Amino acid sequence: MKHLVSTKSISRDEAIDILDVAEDMSDVAGREVPRLPALRGKTIVNLFYEDSTRTKISFEVAAKRLSADVITFSAKGSSVSKGESLKDTAQTLAAMGADAVIVRHPASGAAEVLARSSWIDAKILNAGDGTHEHPTQALLDAFTIRRRLHGDHARGHGLDGCRVTIVGDIEHSRVARSNVWLLTTLGAHVTLVAPATLLPPSVRAWPVEVAFDLDHALAAGPDVVMMLRIQAERMHESFFPTEREYSTHWGLDDVRMRRLPGNTLVMHPGPMNRGLEISSGAADSPMSTVREQVANGVSVRMAALYLLLIGNEAEVA
Amino acid sequence: MSQRIIVRAVELVGSGAGGKGSTDILIADGVIAELGSRLSDAKATVIDADGLIALPGLVDLHTHLREPGFERSETVLSGSRAAAIGGFTAVHAMANTNPVADTVSVVEHVMSLGDSAGYVTVRPVGAVTVGLGGVRLAEIGAMARSRAKVRVFSDDGKCVSDAQLMRRALEYVATFGGVVAQHAQEPRLTEGAQMNEGRVSGELGLEGWPSVAEEAIIARDVLLAEFVGARLHVCHVSTAGSVDVVRWAKARGIPVTAEVTPHHLLLTEELASGYDANFKVNPPLRRSEDVAALRAGLADGTIDVIATDHAPHPQEVKDCAWADAAFGMVGLESALSVVQAALVDTEVLAWTDIARVLSSMPARIGHVEGYDRGIAAGAPAELTLVDPAARRDFEVGDLRGESVNSPFVGLRLPGRVMATIHAGNPTVLDGELVAAERVAAAATKSEGRGRG
Ligand SMILES: [Zn+2]
Ligand SMILES: [Zn+2]
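Residues numbered from 1 in each chain as written. Chains lettered and ligands numbered in written order. Predicted model: local features only at pLDDT ≥ 70, side-chain atom pairs only at ≥ 80, totals over all residues. Heavy atoms only, no water.

1. Remarks on the coordination of the zinc ion (ligand 2)
Geometrically, a metal with four donors at the corners of a regular tetrahedron has ideal angles of 109.5 degrees, and one with six donors at the corners of a regular octahedron has ideal angles of 90 or 180 degrees.
Residues and elements named next belong to chain B.
Logical step 1: Protein-derived coordination of the zinc ion (ligand 2) comes from His62 (NE2), His64 (NE2), Asp156 (OD) and Asp309 (OD), at a distance range of 2.0 to 2.2 Å.
Logical step 2: Note that the zinc ion (ligand 2) binds four donor atoms; their angles at the metal cover 84 to 171°, and the shape is irregular.
Logical step 3: Sequence positions of the donors to the zinc ion (ligand 2) reduce to the motif H-x1-H-x91-D-x152-D.
Logical step 4: Taken as a pair, the zinc ion (ligand 2) and the zinc ion (ligand 1) lie 3.4 Å from each other and share aspartate 156 as a ligand. Taken together, the residues aspartate 156 in the loop between strand 9 (152-153) and helix 4 (163-175) and aspartate 309 in the loop between strand 15 (305-306) and helix 10 (335-344) connect sequence positions 153 residues apart. The exposure classification of aspartate 156 matches that of aspartate 309, with both residues buried. (Donors = N, O, S within 2.8 Å, 3.2 Å for Na, K, Ca; no water. Tetrahedral: all angles 85-135°; square planar, octahedral: opposite > 155°, others 65-115°. Helix = DSSP H or I, 4+ residues; strand = E, 2+ residues; numbered from the N terminus. Buried < 20%, exposed > 50% of the residue type's maximum accessible area, 1.4 Å probe, protein only.)

Structure below.
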């Protein structure tokens, strides 16, 4: 892999390869000393222009488990996000000898711009760019689903025939975009459920089914229900009238939860608004994968870093 | 003391004379003195124009020269040079400078800068509202009666979105024989908008700019123009729906004219996929269906003119994330080549139509004198000699303004301007600009003659 900017450009084989390496990495996590020397001497920069303690820590842990030197650069609120441009920061990081840059940025395309630019030739890993993509989130979601479906025999499998329903603010969700491309590439059938205001334009051209009615969609018996975080601010921009109305129509509450078969997976990328898009009962139920998702995030990010930084060399050798 | 020039063996376009074959043009005292074959004049400089076509000097109805205030992006001089190399002999300088061109002193200043540079006629556009604020009318009458004789008024960059203010503006500008050029962009529908709303914006996660934001304003404005009986000009029409609205309005007899940019005639929204901000423009690049409708609109006369919307920006506001980048593209230098690629080589328009949409019509809308006769004896010597057979890989080196934010760099484009003659003086010869001092000196002499 040259960079990991989006899941749209990942082939099925590449995706399965990443997930399989993530399985290996997850085995490492179970060891007494959960650490590999693979990236010793490599410098990885965590460049975060947006707050996200969870993602930042997940990448930090992943890099450290591979013995890389990690520099975390929280650009938000600092001089970096105010005056200094992406270009200047990239050139600074290049001068510092960064081997990989994990970038989170509020602008869609920021990671792609870095990857295409001549400012820096480090590997670029997109940790979320605006409302565009968040590829490692989708990879960890796919990893989590695959594990629940296949247990210890997950290696080599795609998600063929798996039915995934994604509910919520699709329009503003980089998680939804990355999941749509990755899950369908892996053979899953994806249904998006949201009010029309929160669906992207031309969503009908996407390789998915689209529905407005959550109860209808749940009655179809999906294998996975993925709830997206809804931002209350959207209410003030008239995407929906009130939290109560949103929650009534598109929230996974206890009543809807009870109607789901016990083997349905309930996912959420976090952080959750309990009581809004998901009830506490749903979030904490055994059907919920929320905590597994966090743990799997580290394995998947280790795999991504490993493949980006030495995977290709290893293949050649 | 003026220059005498013979353009030898050129093919005339837009002369109304019809007829193929080559002609000689004798230029003297700033006018076209004679058309004929094997003209001779001992004192004349001869331009060998064999294989070239002669177009009347191109007139841009929509140029951002950035001076005063944004000289790092462009100056009147640098923008005039970009215009001349593109074959233009007159440009309309938009009002969104700093200070805004909303007073007599600014419009006269911009005109004088243009006169002393000498490459093109610079016709200042006056702001419709004070400071482009969209609240109070600017001193439109004073600007109209100033030395700059402003006839086009526009808040371009911003839409006159208040319906009452737009109604008043249409009526008041009509009082002085001018026209309001509207930048049609419904502000609430485009808050934070980054690119055309549709398939590509949905995938890229960029805030959509819906076509209806343009179409709704145009629909409102043509109805206002009809109601008050005033002329309206619509800037940079970019959607198929806008073309339909303008076509309907014209069929109804509403006095509306419309322009389209070269980039909207050739480029589409897919170019945003790499997040290269050189493709970020207002209005945004649209779908290929829109491009087809815009071409058809030019072909059937719904769209009257092609205007560049040349919008220079320094590199740092393009070398960044898409959402952080400025809107706009430079277009003067590439305009004619792009138009040839989009319209002539595709047989949508003939060169005589190009002469109309890039010279006589924009001149008529902007009240630029002397362009109504095309290339004819007695007409002012404003002309452009083009080699339509040339092909080039368009490069940054082909640009002549201060800024390099062209979306066409790297494209193979047809046609090349080999010579431009403005007010009887060459501004471009052998495909290269004539030196600034020579052009300025010649312009000063011509001005003296004009007064004398
Ligand atoms: Zn405009
Ligand atoms: Zn403009």
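Now, onward.
2. Digging into the domain arrangement of chain B
All names here are of chain B.
Logical step 1: Assigned domains of chain B: these are domain 1 (5-54 + 378-445) and domain 2 (57-373).
Logical step 2: Here the C-alpha centre of domain 2 lies 25 Å away from the C-alpha centre of domain 1.
Logical step 3: The interface is formed by 43 residues belonging to domain 1 together with 50 residues belonging to domain 2.
Logical step 4: In total, domain 1 and domain 2 occlude about 3,500 Å² of area from one another, counting both sides; carbon and sulfur atoms represent 63% of this.
Logical step 5: Broken down residue by residue, the surface that domain 1 buries against domain 2 is led by Asn405, Pro407 and Phe408, which jointly contribute 18%.
Logical step 6: Where domain 1 touches domain 2, the interface holds one salt bridge.
Logical step 7: Salt-bridge contacts for aspartate 345 lead to arginine 391; the nearest nitrogen and oxygen are separated by 3.9 Å.
Logical step 8: Joining domain 1 to domain 2, the criterion identifies 21 residue pairs in polar contact (both at pLDDT 80 or more).
Logical step 9: Of all the elements in the fold, those that place two or more residues in the side of domain 1 that touches domain 2 are strand 16 (383-393), strand 17 (412-422), strand 18 (425-429), strand 19 (432-433) and helix 12 (436-451).
Logical step 10: Looking at the side of domain 1 that touches domain 2, the element that brings in the most residues is strand 17, giving seven residues.
Logical step 11: In terms of residue class, the side of domain 1 that touches domain 2 is built from 24 nonpolar, twelve polar and seven charged. (Domains from an automatic or database assignment. Contact = heavy atoms within 4.5 Å. Buried area = accessible area lost by both parts, 1.4 Å probe. Salt bridge = Lys/Arg side-chain N within 4 Å of Asp/Glu carboxyl O. Polar contact = N/O pair within 3.5 Å; in protein donor to acceptor, adjacent residues only side chain to side chain. Nonpolar A, V, L, I, M, F, W, Y, C, P; charged D, E, K, R; others polar.)

3. Examining the sheet that holds strand 8 (residues 121-124) of chain B
Residue and element names in this part refer to chain B.
Logical step 1: Read across the open sheet, the three strands follow the order 6-7-8; overall the sheet is parallel. Each edge of the open sheet is held by one strand with a lone partner, namely strand 6 (58-63) and strand 8. Each strand of the sheet is rotated relative to its neighbour by a mean of 20°, with strand direction disregarded.
Logical step 2: Looking at chain direction, strand 6 and strand 7 (residues 88-93) are connected through four bridges and run parallel. (Pairing = 2+ DSSP bridges. Axes fitted to C-alpha atoms, helices over the stretch in contact; angles between N-to-C directions.)

4. A short note on helix 7 (residues 174-185) of chain A
Residues and elements named next belong to chain A.
Logical step 1: Here helix 7 contains twelve residues, and its C-alpha end-to-end distance of 17 Å stays within 8% of the 16 Å for a straight helix at 1.5 Å per residue.
Logical step 2: Among the twelve residues in helix 7, ten count as buried, and that is most of the element.
Logical step 3: Of the residues making up helix 7, those classed as buried are Arg174, Val175, Ala176, Arg177, Ser178, Asn179, Val180, Trp181, Leu182 and Leu183.
Logical step 4: With a side-chain oxygen positioned 3.2 Å from the backbone nitrogen of valine 175, the residue opening helix 7 is serine 173.
Logical step 5: Following helix 7 by one or two positions, glycine 187 has its phi on the positive side, about 100°. (Expected span 1.5 Å × (residues − 1).)

5. A short note on the pattern of salt bridges
Residues and elements named next belong to chain A.
Logical step 1: What the rule picks out here adds up to 38 salt bridges over all chains.
Logical step 2: Put simply, arginine 256 and aspartate 215 hold a salt bridge, and the shortest N to O gap is 2.8 Å. Separated by 41 residues along the polypeptide, arginine 256 in helix 11 (residues 254-259) and aspartate 215 in helix 8 (residues 214-219) bring together distant segments of the chain.
Logical step 3: Judged by relative accessible area, arginine 256 falls into the buried class, the value being 7%.

6. Quick word on the sheet that holds strand 14 (residues 256-260) of chain B
Residue and element names in this part refer to chain B.
Logical step 1: The parallel open sheet is built from five strands, whose spatial order is 9-10-13-14-15. Each edge of the open sheet carries a strand with a single partner, namely strand 9 and strand 15.
Logical step 2: Across three bridges, strand 13 (residues 232-234) lies against strand 14 in parallel orientation. Bridge pairing links histidine 233 to threonine 257 in strand 14.

7. Description of the nonpolar core
Logical step 1: Counting 89 residues, the largest nonpolar core has Ile44(A), Ile145(A), Ile170(A), Leu192(A), Leu252(A) and Leu305(A) as the members making the most contacts within it.
Logical step 2: When residues of this core are assigned to their parent elements, the largest contribution, ten residues, is made by helix 13 (residues 290-316) of chain A.
Logical step 3: Domain assignment of the residues forming this core places at least three in each of domain 1 (12-133 + 294-316) and domain 2 (135-291) of chain A.
Logical step 4: Discounting residues that sit within four places of it in the chain, Leu252(A) has contacts with Leu218(A), Val225(A), Met227(A), Met257(A), Leu260(A), Val266(A), Glu277(A), Ile278(A), Ser279(A) and Ala282(A).
Logical step 5: Counting residues in each nonpolar core, the second largest holds 77 residues, with Leu58(B), Ala95(B), Leu294(B) and Val344(B) among its members. (Core = buried A, V, L, I, M, F, W, Y, C linked by side-chain atoms within 4.5 Å.)

8. Description of the state of the cysteines
One way to say it: the disulfide is the covalent bond shared by the sulfur atoms of two cysteines.
Residues and elements named next belong to chain B.
Logical step 1: In total, this model carries zero disulfides over all chains according to the counting rule given.
Logical step 2: Considering cysteine sulfurs only, cysteine 235 is the nearest to cysteine 159, which forms no disulfide, with 9.9 Å between them.
Logical step 3: Given the relative accessible area of 14%, cysteine 159 is considered buried. (Disulfide = S-S within 2.5 Å.)

9. Some remarks on the domain arrangement of chain A
Residue and element names in this part refer to chain A.
Logical step 1: Taken domain by domain, chain A consists of domain 1 (12-133 + 294-316) and domain 2 (135-291).
Logical step 2: Measuring from the centre of the C-alpha atoms in domain 1 to the corresponding centre in domain 2 gives 25 Å.
Logical step 3: Counting from both sides, the interface comprises 30 residues of domain 1 and, opposite them, 32 residues of domain 2.
Logical step 4: Both faces combined, the contact of domain 1 with domain 2 buries some 2,500 Å², and carbon together with sulfur accounts for 53% of it.
Logical step 5: Its largest share of buried area at the contact with domain 2, domain 1 owes to Arg12, Glu23 and Glu133, together 26% of the area lost on that side.
Logical step 6: Linking domain 1 with domain 2 are six salt bridges, by the criterion used here.
Logical step 7: Across the pair aspartate 27 and arginine 155 runs a salt bridge whose closest N-O atoms are separated by 3.2 Å.
Logical step 8: On the surface where domain 1 and domain 2 come into contact, there are 19 residue pairs in polar contact (both at pLDDT 80 or more).
Logical step 9: Within the residue set of the side of domain 1 that touches domain 2, elements represented by two or more residues are helix 1 (12-29), helix 2 (53-65), strand 3 (100-105), strand 4 (123-129) and helix 13.
Logical step 10: Considering every element that reaches the side of domain 1 that touches domain 2, the biggest residue donor is helix 1, with eleven residues.

10. Details of the side chain of Thr7(A)
All names here are of chain A.
Logical step 1: In this structure, threonine 7 sits in the segment before helix 1.
Logical step 2: Given the relative accessible area of 0%, threonine 7 is considered buried.
Logical step 3: Here serine 178 takes part through its backbone oxygen, which lies 2.8 Å from a polar atom of the side chain of threonine 7.
Logical step 4: Apart from the residues lying within four places of it in its own chain, the contact partners of threonine 7 are Glu133, Pro135, Ala138, Arg177, Ser178, Trp181 and Leu182.

11. Structural notes on the packing of aromatic side chains
Logical step 1: Per the counting criterion, the structure on display carries five aromatic pairs over all chains.
Logical step 2: Their ring planes at 65° and their centres at 5.3 Å tell us that Tyr172(B) and Phe176(B) sit as a pair that is edge-to-face.
Logical step 3: Seen in terms of ring centroids, Trp209(B) and Phe327(B) are 5.6 Å apart; in terms of plane orientation they differ by 70°. Their pairing is edge-to-face. A residue pair is termed long-range when its members are at least 10 positions apart, and Trp209(B) in strand 12 (residues 208-209) and Phe327(B) in the loop between strand 15 and helix 10 qualify at 118 residues.
Logical step 4: Classification of Trp209(B) by relative accessible area gives buried; the value is 3%.
Logical step 5: On the basis of relative accessibility, which here comes to 28%, the residue Phe327(B) falls in the partly exposed class.
Logical step 6: Chaining the aromatic ring pairs together yields one cluster made of Phe240(A), Tyr246(A) and Trp250(A).
Logical step 7: Just above the ring of Phe327(B) sits the side chain of Lys280(B); from NZ or CZ to the centre is 4.5 Å. (Phe/Tyr/Trp six-rings, centres within 6.5 Å; stacked < 30°, edge-to-face > 60°. Lys NZ or Arg CZ within 6 Å of the ring centre and 35° of its normal.)

12. Description of the packing of helix 1 (residues 76-85) of chain B against helix 2 (residues 104-117) of chain B
The axes of two packed helices give the description: the angle between them and the distance between them.
All names here are of chain B.
Logical step 1: The contact between helix 1 and helix 2 brings their axes to 9 Å, and the two run at 55°. Our classification of the angle between helix 1 and helix 2 gives oblique. Like other packed secondary-structure pairs, helix 1 and helix 2 cross with a definite hand, here right-handed. Between helix 1 and helix 2, the contacting residues are Val76, Leu77 and Ser80 on the first element and Val110, Leu113, Gly114 and Ala117 on the second. (Parallel < 35°, antiparallel > 145°, perpendicular 65-115°, else oblique. Left-handed = near helix turned anticlockwise from the far one by under 90°.)

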